[in-house]
Amino acid sequence: MLNLHGKVAFVAGAGSVAEGWGNGRATAVLMARQGAKVFGVDYSAEALSGTTAAMEQEAGADWTGWLANMTSTEEVERAVAECLSRYGRIDILVNNVGGSAPGTPVSMSVDEWDGQLDRNLKTAFLGCKHVLPVMERQFAAEGRGGAIVNVSSIASMSFQVDGRVHVAYAASKAGLETLSRATAIAYVKKGIRVNSVVVGMMHTPLVAHRLTQQLGTANAEDLAAKRNALIPMGRMGDAWDVANAVVFLASDEAGYITATQLVVDGGVTAARPGNVDSDAR
Ligand SMILES: NC(=O)c1ccc[n+]([C@@H]2O[C@H](COP(=O)([O-])OP(=O)(O)OC[C@H]3O[C@@H](n4cnc5c(N)ncnc54)[C@H](O)[C@@H]3O)[C@@H](O)[C@H]2O)c1
């Protein structure tokens, strides 16, 4: 099941903003465990070195870490060329770069808006732009195309996460899901599948780090407990929940699945306020 032997995975945002398991790091490691050769890209040397250290603990992992900013078309093009020169092909693309900034159209600066769109949407556009032609060539030559998985957020459909509004994050993640579906249809006859994983409230290092910085340790723990209580399953998920979903969508077992969203949220988006335990609200 979920055998990725013989596949090369290009994982964008393969680091983690703090020690521990971010979604991209867990995805890269799980792909290596399933037999893929993994080319991981991140713009932070520190974030990437943590993934390299994790890969060193994995017997037989074939991993290359590469520094590049996924908002730069030249840097993405170079990263793709480097991946091809090392591994000769790309079967899987994971666009995991992203992150939120709160605000309304009035409170956000134009730079903050542009930054959110660049970080959450342009990065995936550029990943697709430079990897799709590679997958298309592979399909024409040997009948094997590829799979693209974009990492989205429930912010695309529930507009008050954590009691705060994030209009640019919400719009960019909704855009990411639409980019996925439209690209899936554009490439459906070329052997390339494109899907999104729609991530709920996960307790990744990004969240712990940001909450601790913003609120101090005691309040961060308090807020983590409140976030747990908001979820029908009673707990936040973690990076492995995301990685498992990404690996499934990237695998041959998902071969008939394209242009869709896999929601990984412990039931949050399906629960109406009245369905959630009243103590939890
Ligand atoms: N953590 C959550 O609760 C949560 C919820 C919903 C969605 N998500 C999504 O999951 C994804 C990963 O989140 P995470 O919590 O693991 O975050 P993270 O910040 O730990 O991981 C993202 C990685 O991307 C890298 N990165 C950022 N901008 C980059 C750029 N321009 N070019 C190259 N690398 C860049 C960072 O250095 C970092 O290593 C994001 O798309 C995020 O929106 C997370």
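Calculation criteria
- Residues numbered from 1 in each chain as written.
- Predicted model: local features only at pLDDT ≥ 70, side-chain atom pairs only at ≥ 80, totals over all residues.
- Heavy atoms only, no water.
- UniProt positions renumbered as here; feature names shortened; annotations may be inferred.
- Axes fitted to C-alpha atoms, helices over the stretch in contact; angles between N-to-C directions.
- Helix = DSSP H or I, 4+ residues; strand = E, 2+ residues; numbered from the N terminus.
- Parallel < 35°, antiparallel > 145°, perpendicular 65-115°, else oblique.
- Left-handed = near helix turned anticlockwise from the far one by under 90°.
- Contact = heavy atoms within 4.5 Å.
- Nonpolar A, V, L, I, M, F, W, Y, C, P; charged D, E, K, R; others polar.
- Buried < 20%, exposed > 50% of the residue type's maximum accessible area, 1.4 Å probe, protein only.
- Pairing = 2+ DSSP bridges.
- Expected span 1.5 Å × (residues − 1).
- Arc of directions from axis to C-beta.

- Looking up the protein in an unreviewed UniProt entry gives the name Short-chain dehydrogenase/reductase SDR, with the organism given as Paraburkholderia atlantica.
- UniProt lists a comment for the protein under the heading Sequence similarities (unreviewed entry), and it reads "Belongs to the short-chain dehydrogenases/reductases (SDR) family."

### Description of the packing of helix H1 (residues 23-33) against helix H7 (residues 239-250)
Okay, step 1: Two elements in contact, H1 and H7, have axes separated by 8 Å at closest approach and are oriented at 50°. Taken together, H1 and H7 sit at an angle that is classed as oblique. As for how H1 packs across H7, the hand of that crossing is right-handed. Contacts between H1 and H7 pair Asn 23, Ala 26, Thr 27, Val 29, Leu 30, Met 31 and Arg 33 from the former with Ala 239, Trp 240, Val 242, Ala 243, Asn 244, Val 246, Val 247 and Ala 250 from the latter.
Okay, step 2: The residue inventory of the contact of H1 with H7, partitioned by class, reads 11 nonpolar, 3 polar and 1 charged.

### A short note on the pairing of strand E6 (residues 192-199)
Okay, step 1: A large share of E6 lies buried, amounting to 8 of its 8 residues.
Okay, step 2: As paired strands, strand E5 (residues 146-153) and E6 are joined by 8 bridges and run parallel to one another. Bridge pairing links Ala 147 to Arg 193 in E6.
Okay, step 3: Note that E6 and strand E7 (residues 261-264) share 4 bridges and pair parallel. Pairing of Val 198 across the sheet is with Val 263, part of E7.

### Concerning the sheet that holds E6
Okay, step 1: Reading across the sheet, the 7 strands line up as E3-E2-E1-E4-E5-E6-E7 and stay open at both edges, with parallel pairing between neighbours. Because the sheet does not close on itself, it has two edges, and the strands there are strand E3 (62-67) and E7. Averaged over all neighbouring strand pairs, the angle between strand axes comes to 15°, with direction disregarded.
Okay, step 2: In the sheet, strand E2 (residues 37-42) pairs with E3 via 6 bridges, with the strands oriented parallel. By the bridge assignment for E3, Val 38 is matched with Trp 63.
Okay, step 3: The strands touched by helix H2 (residues 45-56) within the sheet are E2 and E3, with E3 carrying the most contacts at an inclination of about 175°.
Okay, step 4: The strands that helix H5 (residues 167-186) touches are E5, E6 and E7; relative to E5, the one it contacts most, it runs at about 160°.

### Concerning helix H3 (residues 73-87)
Okay, step 1: For H3, which comprises 15 residues, the first-to-last C-alpha distance of 21 Å matches the rise-based estimate of 21 Å (1.5 Å per residue) to within 8%.
Okay, step 2: Among all positions of H3, only Val 76, Ala 79, Val 80, Cys 83 and Tyr 87 are buried. The arc enclosing the buried residues of H3, seen along the axis, measures out at 100°, which places them on a common side. Residues Arg 78 and Ser 85 are exposed on H3 and point more than 90 degrees away from its buried face.
Okay, step 3: Next to the buried residues of H3 lie strand E1 (8-12), E2, E3 and helix H4 (110-142).

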